[in-house]
Amino acid sequence: MEIKKYLSAEQLEQWRRMVDEASNIAVLGHSGPDGDAMGSMLALASYLQGLGKKVTPITPNACPDFLRWLPGAEQVIFFRNKQRKGVKALEECDLVFCLDFNGLDRLEEMRRCVEHSKARRIMIDHHLDPEPMAELMVSDPRAAATCEVLFCIFHQLGAYEGLSQDIATCLYCGLMTDTGAFAYNSNRAELFHIVGMLIAKGIDKDKIYRNVYYSYTESRLRLMGYLMYEKMEYFPEEHVALFALTEKEMVHFNFVRGDAEGFVNMPLQIKGTILSISLREDTEKPIVRVSLRSVGDFPCNEMAERFFNGGGHLNAAGGWLPKPIDTAIQTARQAIKSLSEKG
Ligand code: 5GP
Ligand code: MN
């Protein structure tokens, strides 16, 4: 089976030139880095390091604990925690890779440093409607993950033969997490062909699964039970579920970063549900984070844009509200009610 060639002949030349001419490269992922952001950053960082480049992976804030086992994760600078180091790395680099995001606002506080930097930019992504934010942009909304696009680019560059097990592990992690362990957005033979090619590099896919999904604390499981039992509101007419998590509850359940991961998907298990919305008080800023997940053709991204200052994909989107949680809940209820009002 053919592996997709994303780069035209000119783009291939452009990529080679840009990478050849760079010696100090920053590899950036989006705020709230997930398995695809971290996986693609670390795979690319390792590849570029193999070419003898100095590479610094940076994200606006920290990744969850369940991604820290990824090979090379200890190199990542979490900008909010290590601002001086992050600013210096962005000032000194001559090439920036933007991975797994379609607009510079997903860089939050890092955005200004990146905009002011003279470094050239390459973006690799799979979100809809990319902003023109880089000299070379490889964006495919049909791809399951940025890691899929990156795998194809590695292949096109002739790097598959020499691909290390660590790089394959990082890429697989991105494919797995962005498809809910191949439960959605993954019904394509090419994708499974790529998975086969990664397994051929010696990865342990079952261990990667356990590292990501079976590594929670007891309190996290109890928090999940509490949210589903006590907090979830169900709107039978609209077939929508909504729940909100406050900072006080997080403290009570010894919340650590990443503990809320996957909660928003759970109400979709209720037969006939088309949409699940979760609200969560941010622990660092006075805002409420919103996550949306849908089944079928309900456009989460449209609702995120219209009501929650955000965006994303058809079946997974997010945003935020600059309000207290109770007011945010009201906004979410209005968004839900607007569905039945439209008819
Ligand atoms: P999550 O619910 O996991 O935080 O985000 C799901 C998806 O929604 C992300 O992959 C991203 O595409 C999108 N998303 C989340 N938060 C934001 C946001 O604040 N702005 C935009 N434009 N998209 C977001
Ligand atoms: Mn992604």
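Scroll up a little and you will see the structure.
Within each chain, residues carry numbers counting from 1 in the order of the written sequence. Chain labels run from A onward and ligand labels from 1 onward, assigned in the order the entries are written. Whole-chain, interface and lining totals are the exception, using all residues; otherwise, since this is a predicted model, local features are given only for residues with pLDDT of at least 70 and side-chain atom pairs are given and counted only at 80 or more. Side-chain calculation: all heavy atoms of the structure are included, whereas hydrogens and water are not.

### As for the site of ligand 1
The criterion, for reference: It suffices for a single heavy atom of a residue to lie within 4 Å of a molecule or strand for the residue to be listed as near it. Here a polar contact is recorded for every N or O atom pair within 3.5 Å, except that within protein the pair must consist of a potential hydrogen donor and a potential acceptor, and residues adjacent in sequence are included only if both atoms are side-chain atoms. Note on areas: these come from Shrake-Rupley sampling with a 1.4 Å probe, and a residue is covered only by the protein chains present in the view. To qualify as a helix, a DSSP run of H or I must reach at least 4 residues; to qualify as a strand, a run of E must reach at least 2; elements of each kind are numbered from the N terminus. Charged means Asp, Glu, Lys or Arg here, nonpolar means Ala, Val, Leu, Ile, Met, Phe, Trp, Tyr, Cys or Pro, and polar covers whatever is left, Gly included.
Near ligand 1 you find 13 residues, and of these His127, Ser291, Arg293, Ala317 and Gly318 are the closest. With respect to ligand 1, the side chain of Arg293 contributes an N or O atom lying 2.9 Å from an oxygen atom. Gly311 places a main-chain nitrogen or oxygen 3.2 Å from a nitrogen atom of ligand 1. If ligand 1 stood free it would expose 500 Å²; the protein chains cover 75% of that surface. Elements supplying a minimum of two residues to the shell around ligand 1: strand S10 (288–294), strand S11 (311–312) and strand S12 (316–321). With 5 residues, S12 is the largest single contributor of residues to the shell around ligand 1. Taken together, the residues of the shell around ligand 1 break down into 3 nonpolar, 8 polar and 2 charged.

### A word on the pairing of S10
To keep it simple, the criterion reads: Accessible area is worked out with a 1.4 Å probe on protein chains only. A residue is then buried under 20% of its type maximum, exposed over 50%, and partly exposed in between. Strands qualify as paired when DSSP identifies two bridges or more between them.
Most of S10 sits inside the fold, with 6 of its 7 residues counted as buried. With 7 bridges joining them, strand S9 (residues 275–281) and S10 adopt antiparallel strand pairing. Residue Leu279 lies in a different strand from S10, and its bridge partner there is Val290. Judged from the 6 bridges that link them, S10 and S12 form a sheet pairing that is antiparallel. Paired with Arg289 across the bridge in S12 is Trp320.

### Section: the coordination of the manganese ion (ligand 2)
Condition: For Na, K and Ca the donor cut-off is 3.2 Å; for every other metal, N, O and S atoms count as donors within 2.8 Å. Water does not enter the count, which can leave sites looking incomplete.
Around the manganese ion (ligand 2), the protein supplies Asp36 (OD), Asp100 (OD), His126 (NE2) and Asp178 (OD) as donor atoms, at distances of 2.2 to 2.4 Å. Positions of the donor residues of the manganese ion (ligand 2), expressed as sequence spacing, correspond to D-x63-D-x25-H-x51-D. Here the residue His126 occupies a position in the loop between strand S5 (120–125) and strand S6 (136–139), and Asp178 occupies one in helix H6 (residues 165–178), the gap between them amounting to 52 residues. Its relative accessible area of 2% is what places His126 among the buried residues.

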